[in-house]
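The chain contents come next:
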Amino acid sequence: MTDLDQLTQSLARNLKHWRGERGYTLDALAARAGVSRGMIIQIEQARTNPSVGTTVKIADALGISITRLLEYDQGPQLRLVGPGEAVRLWSTEAGSHTSLLVGTEAPGPFELWDWRLMPGDRSTSDPHPQGTKELIHVRVGELTLVLDGVEHRVPAGASAAFEASLPHEYGNDGEETVEMVMSVSVPSGR
């Protein structure tokens, strides 16, 4: 089984579990998440690999983190993600990508991400739930961070913290690959 097959199967199993746990019908979850009923059915039947945006909308509608929605079966005390086991969720033909390194639910969803943005690439994010915070540390290159329409330059070695309930975008306007680590903290009780 490939990583993508395992991810698709885990997502299908976890979506069924959490939808049942919340008592949501297909129609109710589709309405809450702003996605089609057909998409929910396809995901639960492991017939599709939805976009990151769709996956985030579904996790938000269920009141859980994307980490919880995507996690493979693991023991309850320790979640160890070995080298090469991080979940790649976004990529471009140029070579840009994001990987969810690890996440947890306590006290609210808290995720650690590894990012690579190739020159000229951009990734736009919808606003997250109110109170969501993001921390970014740029290891290589210069990140162009657009927050609520205002552009900010974050050079290698610098870090940024911001309220992620505002529209935001990550871009690489330079000629060098941007490598950064990002953490996302979502308040509990969404």
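This text goes with the structure placed above it.
This text gives an overview of the structure that appears in the document. (Residues numbered from 1 in each chain as written. Predicted model: local features only at pLDDT ≥ 70, side-chain atom pairs only at ≥ 80, totals over all residues. Heavy atoms only, no water.)

1. Observations concerning the packing of aromatic side chains
Counted by the stated rule, this structure contains two aromatic pairs. Note on Trp90 and Trp115: the rings are 5.8 Å apart at their centroids and 40° apart in plane angle, and the pair reads as tilted. Of the two residues, Trp90 sits in strand E1 (residues 87-91) while Trp115 sits in strand E3 (residues 110-117), which places them 25 residues apart along the sequence. Across the pair, exposure class does not vary: Trp90 and Trp115 are buried alike. An aromatic cluster is defined as three or more aromatic residues linked by ring pairs; in this entry it consists of Trp90, Trp115 and Tyr170. (Phe/Tyr/Trp six-rings, centres within 6.5 Å; stacked < 30°, edge-to-face > 60°. Helix = DSSP H or I, 4+ residues; strand = E, 2+ residues; numbered from the N terminus. Buried < 20%, exposed > 50% of the residue type's maximum accessible area, 1.4 Å probe, protein only.)

2. Focus: helix H3 (residues 37-44)
Within H3 the residues assigned to the buried category are Ile40, Ile43 and Glu44. Here the buried residues of H3 occupy an arc of 95° about the axis, which is enough to place them on one side. The secondary structure elements touched by the buried residues of H3 are helix H1 (3-22), helix H2 (26-33) and helix H4 (52-62). A positive phi of about 55° marks Ala46, the residue just after H3. (Arc of directions from axis to C-beta. Contact = heavy atoms within 4.5 Å.)

3. Let's talk about the packing of H1 against H3
Contact geometry of H1 with H3 gives a least axis separation of 7 Å together with a crossing angle of 120°. Our classification of the angle between H1 and H3 gives oblique. Here Leu11, Ala12, Leu15, Lys16 and Arg19 of H1 come into contact with H3, specifically with Ile40, Ile43 and Glu44. Broken down by class, the residue content of the contact of H1 with H3 amounts to five nonpolar, no polar and three charged. (Axes fitted to C-alpha atoms, helices over the stretch in contact; angles between N-to-C directions. Parallel < 35°, antiparallel > 145°, perpendicular 65-115°, else oblique. Nonpolar A, V, L, I, M, F, W, Y, C, P; charged D, E, K, R; others polar.)

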